[in-house]
Amino acid sequence: MDLTHVHTMWAQDRASAALGMDCLEVTHTQGHGAATVTMTVTDTMVNGHDICHGGLIFTLADSAFALACNAGGSPTVAATCDISFITAARLGDTLVATAVERVAYGRNGITDVTVTRAVDAAVVAEFRGRSRSIRPTAPA
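In this report, the structure presented in the accompanying data block is examined. This structure is a prediction, so every number in the text was calculated from the model and none was measured. (Residues numbered from 1 in each chain as written. Predicted model: local features only at pLDDT ≥ 70, side-chain atom pairs only at ≥ 80, totals over all residues. Heavy atoms only, no water.)

On to the nonpolar core. Among the nonpolar cores identified, the biggest contains 31 residues, and Val26, Leu60, Leu67, Leu95, Val113 and Val115 are the most heavily contacted of them. Of all elements in the fold, only helix H1 (4-11), strand S1 (22-29), strand S2 (32-40), helix H3 (54-70), strand S4 (94-105), strand S5 (108-117) and strand S6 (123-133) reach the threshold of two or more residues within this core. A per-element tally of this core places H3 first, with 9 residues. (Core = buried A, V, L, I, M, F, W, Y, C linked by side-chain atoms within 4.5 Å. Buried < 20%, exposed > 50% of the residue type's maximum accessible area, 1.4 Å probe, protein only. Helix = DSSP H or I, 4+ residues; strand = E, 2+ residues; numbered from the N terminus.)

Written as structure tokens, this is what we have:
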């Protein structure tokens, strides 16, 4: 499948770029999308407990989720998401978000994202996103 649309979407994602995220891979095989995105925890991402702010871990997972669920070709957005934080990430840690679309049905889908620390593969968070396809927007 041609994934130009997903790469274009990523290139226009200023929020992910501002956080230093890097898309390592996006695929669509056997009707399901997958993506891997990394982000290194910087000093502006650390909270008052000296650990990575949970909202930024969520944002990393959400960015990987967006790539995976849009790989099928239809413009797709989050309907609902939830996250479970497992262990802390700290300044300098490189986080890896691996998204796998589990099921796509009608205009809906479910995508799981596991966020790990690159150095030791410890699971930092588990994220589940439920997606909904929307109508394409008209070009500006």
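The rest of the description comes next.
This paragraph deals with unusual backbone geometry. The phi torsion at Gln30 lies on the positive side, around 50°, for a residue other than glycine. Judged by its relative accessible area of 81%, Gln30 is exposed. If you check the backbone angles, Asp50 has positive phi at about 65° while not being a glycine. Mapping Asp50 onto the fold places it in the loop between S2 and H3.

Turning to the pairing of S5, a few remarks are in order. Where burial is concerned, most of S5 is hidden: 8 out of the 10 residues are buried. Connecting S4 to the next strand, S5, in antiparallel fashion are 2 residues, including Gly106 with a positive phi near 60°. Pairing of S5 with S6, which is carried by 9 bridges, proceeds in the antiparallel orientation. Directly across from Thr114, in S6, lies its bridge partner Glu126. (Pairing = 2+ DSSP bridges.)

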